[in-house]
Amino acid sequence: MLYSTHNQVLHLIKILVLHTLVIPLLGTLEIDANVVQKEIYIQINTGSIVQETNEKYLSIGLDTGLVRHKWNGFNFSSEKLMTLSEALVPTFARLGGTDADFLVFNATAEVDHHDNSIFTGVTDQPPKPFVMTGKEWDNINHFSANMRWNLIFDLNVMIRTSDNVWNPTNAKQLLDYSQQRWYNMDFELGNEPNLWKKHYNVSISGTQLGKDFRTLSEILHKSTMYNYRLLVGPSITRPVNKDVTQLLKE
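Residues numbered from 1 in each chain as written. Predicted model: local features only at pLDDT ≥ 70, side-chain atom pairs only at ≥ 80, totals over all residues. Heavy atoms only, no water.

**Concerning the overall build of the protein**
(1) Moving on: Counting its regular elements, the protein contains 8 helices and 7 strands.
(2) Moving on: Of the contacts made within the protein by residues no fewer than 6 positions apart, 77% connect residues no fewer than 24 positions apart. (Helix = DSSP H or I, 4+ residues; strand = E, 2+ residues; numbered from the N terminus. Contact = heavy atoms within 4.5 Å.)

What follows is the structure in structure tokens.
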């Protein structure tokens, strides 16, 4: 039987409610053998709207590690992948994650190469960066456009000066390359800066991160194509932790 898009969404909601609310709740109940068990019926009223979200809310997350590993297991020409991807439209597709802060764009590079010197502004033992070539960036954008995805690209905020200020040079190169090819996208800057100290022995204040976001915002406003695009972030983990809330307050 074929379902309409509306019915598919309702069916998905019912499954999500069942697996995220009902089953965990039932699993916490202590069952007394002396108590007569009864069947419980749960009815979900789909006739009225309780809360309305953006139509692109059910979004896609692609890890930048896919770029590092040359899209191993991700076939841009796969008919199955394209069919499944089209079914999620409209949607935001965020390409980001841990490896976003080690990605360096090089439009003319033929293959990946490593250049740790670009990270010496923040640490004596930088993580190993990797290159995203122009061809790889073309493939990403062509696929995203064909699928009618709203791409969000996570720019590298770990490229910093000796004064621990974000260096936007590489980001500008990517923006110029993209604008020349009319690639549509929104932007994010960095990934989980609250974990830098733990994993990379790199510290950044919320104040400085805010200034870095302002720098990117000003760059986007000066462009002819991206002056009204979204800039989202910062992406953080565990917003209840003291160090995280302090970073946000700064």
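On we go.
**Here we look at the environment of Thr 108**
(1) Moving on: Its place among the elements puts Thr 108 in the loop between β3 (103–106) and β4 (130–133).
(2) Moving on: On the accessibility criterion, Thr 108 (67% relative accessible area) is exposed.
(3) Moving on: With 27 residues separating them in the primary sequence, Thr 108 and Lys 135 have C-alpha atoms 8.6 Å apart.
(4) Moving on: Only 3.1 Å separates the side chain of Thr 108 from the side chain of Asn 106, close enough to count as a polar contact. (Buried < 20%, exposed > 50% of the residue type's maximum accessible area, 1.4 Å probe, protein only. Polar contact = N/O pair within 3.5 Å; in protein donor to acceptor, adjacent residues only side chain to side chain.)

**Describing the nonpolar core**
It is characteristic of soluble globular proteins that their nonpolar side chains tend to be buried jointly.
(1) Moving on: Of all hydrophobic cores here, the largest spans 41 residues; its most connected members are Met 132, Trp 137 and Phe 153.
(2) Moving on: In terms of residues, this core owes the most to one element, helix α7 (residues 206–222), which gives 5 residues.
(3) Moving on: Setting aside chain neighbours within four positions, we find Phe 153 in contact with Leu 95, Leu 103, Met 132, Trp 137, Leu 174, Met 185, Asp 186, Phe 187 and Glu 188. (Core = buried A, V, L, I, M, F, W, Y, C linked by side-chain atoms within 4.5 Å.)

**With respect to the packing of helix α3 (residues 79–86) against helix α4 (residues 134–147)**
(1) Moving on: Close contact between α3 and α4 brings their axes to 9 Å; oriented N to C, the two are set at 55 degrees. The pairing of α3 with α4 is recorded here as oblique in orientation. Contacts from Leu 81, Met 82, Ser 85 and Glu 86 of α3 reach α4 at Phe 143, Asn 146 and Met 147.
(2) Moving on: Taken together, the residues of the contact of α3 with α4 sort by class into 4 nonpolar, 2 polar and 1 charged. (Axes fitted to C-alpha atoms, helices over the stretch in contact; angles between N-to-C directions. Parallel < 35°, antiparallel > 145°, perpendicular 65-115°, else oblique. Nonpolar A, V, L, I, M, F, W, Y, C, P; charged D, E, K, R; others polar.)

**Brief notes about the pairing of strand β6 (residues 186–189)**
(1) Moving on: Both faces of β6 are covered, namely the face carrying Asp 186 and Glu 188 and the face carrying Phe 187 and Leu 189.
(2) Moving on: In this structure, strand β5 (residues 150–155) lies alongside β6, joined through 4 bridges in parallel fashion. Bridging across to β6, Ile 152 finds its partner in Asp 186.
(3) Moving on: Where the polypeptide runs from β5 across helix α5 (residues 169–180) and back to β6, its parallel neighbour, the crossover connection is right-handed.
(4) Moving on: Examined bridge by bridge, β6 and strand β7 (residues 231–232) share 2 bridges and lie parallel to one another. Looking at the pairing, Phe 187 lines up with Leu 231 of β7. (Pairing = 2+ DSSP bridges. Right-handed = clockwise from strand over helix to strand, strands pointing away.)

It is worth stressing that arrangement in space is one thing and function is another; only the former is reported here.
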